[in-house]
Structure formats: structure tokens, C-alpha cells
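# Examining the three-dimensional arrangement
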Amino acid sequence: MFCACKLNAQVTIVVKSKDNALALKTDKDSLLYISYFGAALKEDSLYKRVSDEYRLSDANNSMTNNAYTPAGTWNLLEPALEIEQADGNHSVELKYVSHSTKTEKQNVFLTSVVLKDPVYPVEVILNYRVYFNENIIEQWSVIKNNNPKKAIRLDKYASANLYFARDKFFLRQYHGGWAGEMKPEEHELTAGIKTLDSKLGTRANLFQPPSFVLAFNKPSDEDNGEVLLGTLAWTGNFKIDFEKDGFNNLRLIAGINPYASQYLLAAKSSFETPAFIYAYSQHGVGTASRNMHRWARNYKIPDGNGSRQTLLNNWEATYFDFDESKLTGLFKGAKELGVDLFLLDDGWFGNKYPRNDDRAGLGDWQENRKKLPNGIPFLVNEAEKAGIKFGIWVEPEMVNPKSELYEKHRDWVIRQPDRKEYYFRNQLVLDLTNPDVQQYVFSILDTLLTKNPKLAFIKWDCNAVMYNAHSAYLQKKNIPQSHIYVEYVKGLYQVLERFRKKYPDIHMMLCSGGGGRADYKALSYFTEFWPSDNTDPYERIFIQWENSYFFPAITSCNHVTDWSKTSIKFRTDVAMMGKAGFDIVVDKLSANDKSFAVAALKDYASVNKIIWHGDMYRLVNPWKNSTASLMYASADRSSAVIFNYLTDRRYNNNSSIDPVKLKGLDPAKNYQLKEINLYPGQNAVFSANKVLSGDFLMNVGVNVRLSQSHPSVVIEVQQVP
Ligand code: DGJ
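We now turn to the structure provided with this report. (Residues numbered from 1 in each chain as written. Predicted model: local features only at pLDDT ≥ 70, side-chain atom pairs only at ≥ 80, totals over all residues. Heavy atoms only, no water.)

What follows is about the site of the ligand. Near the ligand you find 13 residues, and of these D345, D346, K459, D461 and D533 are the closest. Between an oxygen atom of the ligand and a side-chain N or O atom of R425, the distance comes to 2.9 Å. Protein coverage of the free-state accessible area of the ligand, which is 290 Å², stands at 98%. Each residue belonging to the shell around the ligand can be placed in one class, and the counts come to four nonpolar, three polar and six charged. (Near = heavy atom within 4 Å. Polar contact = N/O pair within 3.5 Å; in protein donor to acceptor, adjacent residues only side chain to side chain. Areas by Shrake-Rupley, 256 points an atom, 1.4 Å probe, with all protein chains shown as cover. Nonpolar A, V, L, I, M, F, W, Y, C, P; charged D, E, K, R; others polar.)

Next up on the list: helix α3 (residues 324-337). For α3, which comprises 14 residues, the first-to-last C-alpha distance of 20 Å matches the rise-based estimate of 20 Å (1.5 Å per residue) to within 8%. By the burial criterion, the buried members of α3 are E324, L327, L330, F331, G333, A334 and L337. The backbone nitrogen of S325 has a side-chain oxygen 3.2 Å away, supplied by the residue at the start of α3, namely D323. G338 occupies a position one or two residues after α3 and carries a positive phi of about 100°. (Helix = DSSP H or I, 4+ residues; strand = E, 2+ residues; numbered from the N terminus. Expected span 1.5 Å × (residues − 1). Buried < 20%, exposed > 50% of the residue type's maximum accessible area, 1.4 Å probe, protein only.)

With that settled, consider the sheet that holds strand β2 (residues 12-16). On the basis of which strands lie adjacent, the open sheet formed by three strands has the order β2-β3-β4 and antiparallel pairing. Looking at strand neighbours, the two that pair on one side only are β2 and β4 (32-39), the edges of this open sheet. Mean inter-strand twist for the sheet, computed between neighbouring axes without regard to direction, equals 20°. In this structure, β2 lies alongside strand β3 (residues 20-26), joined through five bridges in antiparallel fashion. Paired with K16 across the two strands is A21, which belongs to β3. (Pairing = 2+ DSSP bridges. Axes fitted to C-alpha atoms, helices over the stretch in contact; angles between N-to-C directions.)

Looking now at the pattern of salt bridges. On inspection of all chains with the given rule, the structure shows 41 salt bridges. Notably, a salt bridge pairs K300 with E138, separated by 3.2 Å at the nearest N-O pair. Of the two residues, K300 sits in helix α1 (residues 284-300) while E138 sits in strand β9 (residues 136-145), which places them 162 residues apart along the sequence. Looking at K300, the relative accessible area reads 22%, which means it is partly exposed. Among the salt bridges present, the one from E407 reaches K352, with a minimum N-O distance of 2.8 Å. Taken together, the positions of E407 in helix α5 (residues 404-408) and K352 in the loop between β22 (341-344) and α4 (375-386) put the pair 55 residues apart, joining distant regions of the chain. Each member of the salt-bridge network shares a partner with another, and the members are E78, K156, K239 and D241. (Salt bridge = Lys/Arg side-chain N within 4 Å of Asp/Glu carboxyl O.)

Packing of helix α9 (residues 537-547) against helix α10 (residues 568-575) leaves a shortest axis separation of 10 Å and a crossing angle of 15°. Comparing their axes, α10 and α9 come out roughly parallel. The interaxial crossing formed by α9 with α10 has left-handed handedness. Touching P537, Y538, R540, I541 and Q544 of α9 are F570, R571 and V574, all from α10. For the contact of α9 with α10, the per-class residue count stands at five nonpolar, one polar and two charged. (Parallel < 35°, antiparallel > 145°, perpendicular 65-115°, else oblique. Left-handed = near helix turned anticlockwise from the far one by under 90°. Contact = heavy atoms within 4.5 Å.)

Below, the discussion takes up the nonpolar core. By size, the foremost hydrophobic cluster in this structure holds 189 residues, and its most contacted members are L214, L252, L344 and W348. No other element matches the ten residues that helix α8 (residues 484-502) contributes to this core. W348 has contacts with F322, W365, Q366, E367, N368, L372, I376, I392, W393, V394 and L448, leaving out every residue within four places of it along the chain. Among the nonpolar cores identified, the runner-up in size contains 23 residues, and V685, L697, V713 and I715 belong to it. (Core = buried A, V, L, I, M, F, W, Y, C linked by side-chain atoms within 4.5 Å.)

Turning our attention to the sheet that holds strand β32 (residues 627-633). Sheet architecture is open: six strands sit in the order β31-β32-β33-β36-β34-β35, paired in antiparallel fashion. In this open sheet, the two strands that pair with only one neighbour each are β31 (615-620) and β35 (690-693). Strand after strand, the sheet turns through a mean of 25° between neighbouring axes, direction not considered. As defined by bridge partners, strand β33 (residues 639-646) adjoins strand β36 (residues 712-720) across seven bridges and the pair is classed as antiparallel. Note that in β36 the partner of A640 across the bridge is V717. Taken strand by strand, α9 contacts β31, β32 and β33, and its axis lies near 50° from that of β32.

One number sums up the size of the largest pocket: a volume of about 630 Å³. Lining the largest pocket are 31 residues, with L619, V620, N621, K624 and N625 positioned closest to its centre. Residue assignment for the lining of the largest pocket shows that the elements contributing at least two residues are β12 (183-188), β31 and β32. Tallying contributions element by element places β31 first for the lining of the largest pocket, with three residues. Residue composition of the lining of the largest pocket, by class: twelve nonpolar, nine polar and ten charged. Of the voids in this model, the second largest pocket is the one considered here, and its volume is about 450 Å³. Elements that contribute at least two residues to the lining of the second largest pocket include exactly β9, β19 (269-272) and α8. Among the elements that take part in the lining of the second largest pocket, α8 stands out by supplying six residues, more than any other. Here the residues of the lining of the second largest pocket sort into ten nonpolar, four polar and eight charged. (1 Å grid on protein atoms, 1.4 Å probe; cavity = no way out; pocket = protein on both sides within 12 Å on 5 of 7 lines; lining within 4 Å. Points joined across faces, edges and corners; volume = space filled by probe spheres on them.)

So, in C-alpha cells, the structure goes:
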């Protein structure tokens, strides 16, 4: 523990990973500011001298680059922290008190910096958790109200506040909606504040996710230049501000959205913000992505280095229209295909209000007696007899007004008591701020798993945003309504935490009618997520491409469906860049399509470990070319698999004449290249198995010969002695 309280000596704190460093420094008044963010310096003693080389001096100095900008004193900029003190005073100031760094486990270090208000009993701890080898930082703050008797009100409580001194800044941000997720836009930041935010309450990133790429000095590039990938680990409203200041530098403030969320912090209690996670690289966005993927697999995603189950889902195959015999008929197809499990989707529950479409039944989690007279246990059993496992869909946070749950427990529903109800997909959100509702949601899953211990998979869906955000529970408990957005998310985590304690191993898909929920806190409970309901492979290439900046392939559930008229080969090739699944009626496939799918799943089994655990390289960008190429290489560089697609279907538009340069191989080794996933009767693009050196493959490349008649080519690369 280091303390500068008495001497007011200037203190420098260095938060360092293998390649990078963030330095913090105190000024003569013990205010803490960010003095450096960039490549790690060779000598630690030099960090304290960095600030001498910058002349950020004006009346607002030490606030512009403050490490956690407080509001209400002499700060004129966007704050990270805003407080109404117990006496109504609206100011807070933070002075450095001490800091410490501890080793949490091998490769993981936590630096905590304690700041205190000299006038009011408020303390803030800034936490920086470094994953050394992966060059990842998780940053969050803890705000403490040390007033022994009175509450304070937090009006803004960001997770992280960063500062970058560079010439120019380019932001790659995302927008979209159902079936059109992750649409990128990259642009230069201009003076003033650019905000990315959500006010949706739940499935909060439907229109905009809390993930972005920030490139310094020039637009983002795969292999060159300074970039920062950032993402907030919070499954609710978020706000990320990018403020280009008077020095043309960039202030970044990321955290929970303070919109309608003033938070009363009781006497002697503390508030812990979610983590803002960032990967900084001096070698382009490819390196930053690979670091983030490795970190996610090693530290965040349950079973991140394990394997995943292929599946046949019945959503698009049947929608709500099924019964026992239809389903057991599909089991046969699943077995023939060779997938690991059958996933029963929406529509299996509700009796008074049967779930025969999306207008009724949500909330009543009893098997529909007409469709499934023998219940789920019968299906689990039949699946086992057919030689496959069984998984099930739930949407436990939601309710249709046409349900017994709504009739019995209107007080459990988020709604304004005296206003008209508004519905999103004909449904409302249950009030997870209420512990009884938390218990109810937990019991839906617990009951299913207790009755069916052989259930092997859960798809947890979430299809509505919060309208009329009002909680009867908070009102009853005299808790301000402005807690609803935060307490909802905490309630959700409470349920997921409890669920994971009891069922640590079951694989679970995070679904939200698409990618409306993928963030790294939710993904600490889920093995995978559903990027979009849009399974047209031409759309998926782009959606999966953009998700690949932030999430490893092992988390991406990609299904082959009948959404588009493209060949089954094209659809399957796209689905394989992650965890592949099918959502089709196998019996309706032609003989050739079926034998292709069976063989493709076998090919997939031989390369899926490389896709799930390997390093991902984006080789050819479909936004800039008429093709896309992505490659996954094993960590020891002995094997790889490359996916290539013709993305522009205009007449006579064939593959670019240039070869695709591979990455991540050993220049000194020789590799054999073989096209896999061939459709019956289709000729491979290479006449024979090709052997080329890593040096050749990475410097010259290989022409993958995409054409309108052969628009996707999957190549397996194997080291040869
Ligand atoms: C939305 C999901 O994204 C779909 O896959 C499906 O599960 C439906 N919900 C079911 O209602």
C-alpha cells in the first residue's frame, strides 16, 4: 500500500500488461489524472516523466484528463461521477489516498486506487484488473457512502473514465434492429460529445450494442495502427460518451446509463459499477480481437475452452404448430443428420391460454396437454431412445397479458398502474426487482431440470423491451422508481448466479430475438449466444464478421435454416464459422442435400476445435471486396481452416483475381491444403491436395477460385512433415 496523504508528493501508478500501459499521476493537490495510455515503456521509472512532455495547462487542467471526473466543483466537462450529498449539496471532489496492486491468480493483477472527498464522507475505489498476457483490462469503480446515518444520491456513476492524447479518433459503432443487427458505421470523431446509449431496459442492445472499435490517428485497420476495442459488461441501459476536448484529445466515459436512474445509496453502503472491458493494440484490430477472444475463452465464458453440442432446432421447422408425433419424427432426422441434440423451441406450454402463437401463454410454464399429453419427460426419453440429447426453450422473464400468470400476479409485471399498457411482441416484462419474481424465474428452470435431469441444453430467450417502466414492488418498499433499470439487471444476475451455482455445467444459449443481449456479463453465465434471427447466409456473413471483433467463434450459434433460397452448402459453410446447428425438416431435404449435410457435419467434427479454440484472422473484408475470407488457426500453427465466400451475387461477378494471403502460420513449415464440405458431385477448387510453405501461403497466398457456381470454399490446412 502506498500513501501520499501527508506529503502531497506526486504519485505515479502504472497499470501494465504484457505490451501496454496506462499511467495515472497525482498533481500537487492530489487530484488523480491519466498521464499515459499506450505501449509499455522499457523502464518503469520513465512513466512519471511522461506528463512533462504534454502541456495540457489551462484553468481546467487535471480535470480534462481526470481519472474519474467528479461533478460540481471546478469541472466543466462531462463527469464520470455526480452526487447529491446527504445535505442536498451537489458537489463531489476526489483526492488520491492510496493504491495497491495484488496478484489475484497467475496472469491476473488487480490495481485499486482509493480516492476520497476531502469535505464529504464519500470514497471511490477505481479498479483495474489486468489480464497480462491477453492485454485486456477490466475497469470498474466502487462508490462508497461513508455517512453513518444518511443516504446520498448517485446521479451518474460511470465504470470507467479514460483519456487519449492523439491527433485523430475514428469510431466504429453499431446500430440495427431485429434481423438487422450489428450494422457498422465508422467515422472520425469531431469536437463535442458523441454518445452510444440504450434506454430499452431489457434486451438493451437491440438497437445499439455497448461494443465499439476506437482507432487512433487513422481509420481502423486489421493489421496496423493503434486501436481499442471496448465493451461494457452490463445487460441493461448503458451510456458511452466520447468527448473530443479543447486539446483535441479524447475523453471516454463508459457505464450504466444514468437516464431515469438516480440511485439512492444508503448510509454506510457502496455501489459497484459493471466492468468496462478493453483491448488496446498497436497492431490493428485483428490482434485486439484475438486477445479479446482468448481472454473470453480463458476467463469469461463458461466452458470457454471446452466443446459445444451441434443441434437441430424446431423453431423454423414447425413454429408453434407441433405435437408429440411431429417432434419425435424430427428426432429421427436429427439422428440421421448426426447432430448431438434436439432443441424444442417456443410453443410447448400454456393450457388455459395455449401458446399457439405469440399472443398468449407466456408465463404459464406447464406443458400444453393437447400438444404434449405425456409432457417433457416423454420427449426427453424418446430423444434418448433416438440416440440424441434434448434441450428446451424458455423465455422466463416475460409474460403475455393473456396468461394465468398475468391474471394471478399483475403486481409482478412492469407496468404503469393507471396507464394504457403497451406491448412489444404482445408481451410485458416481469419485475425482477421483486425477490418473489426472482424466485419464480429461478423455479421455472429449476423445475424443468429437477423433473428432467437429462435435459442437456437451454435456450433462454428475451423478446421485449421495457415500456411503462414502473415497479409495484419498489413502490411498496418505498424505493425510488429510478432504481428500476438497475435493480432489474441485478435481479436477473441474482437468478443467473443462483442457477449457475446449482447447474454449473449445462450449456445455455443467450437469445434475445437476435443479438439484443450479447455482453460479457450475460456471457459469463451462457456458453453461447444467438447473433440474429436473420439466418440468410449473405446477411450472416456480415453479422458474424462484425461480432467477430468482440466475441470468439465458440460463442456464436449459427443455424442452417430455410430463410433463404441459397444452396445448403452455402448455408452450412457460413454456419460452421462458430457453433453450427440446423433448423430445418430433415425429411424434406433432397437425397443430395441430406448426404451433403451429413458429410459436412463429419467434416465439421474434424475442424471444429480449430474454429472454437484457435486464433481468428479476418483475411478479406466483405465490406471492401466482393468476397469474404476468414481463417481460424490452431495456437501451435499446425492446422487451420479457411472459409471463403462470394458475397456479391451480381451477374458474372466471380472471385477476385488475387490470391488470399493466409495469416497465423509458421513460415518455415509446409502445409497441405484440401477443400472440404464438397457437395455431392462437386469438383474441388484444387486439382489435387496442394502442399505449400507457410512463407508462400502468407506472402503470396492461394487463389480460392470462388465463382457463381462455386460461391463458397472451405479449405482445411494441415502441417505436413
Ligand atoms: C426469438 C428467437 O430469436 C427465435 O429463435 C425463436 O426462439 C423465437 N423467439 C421463439 O418465439
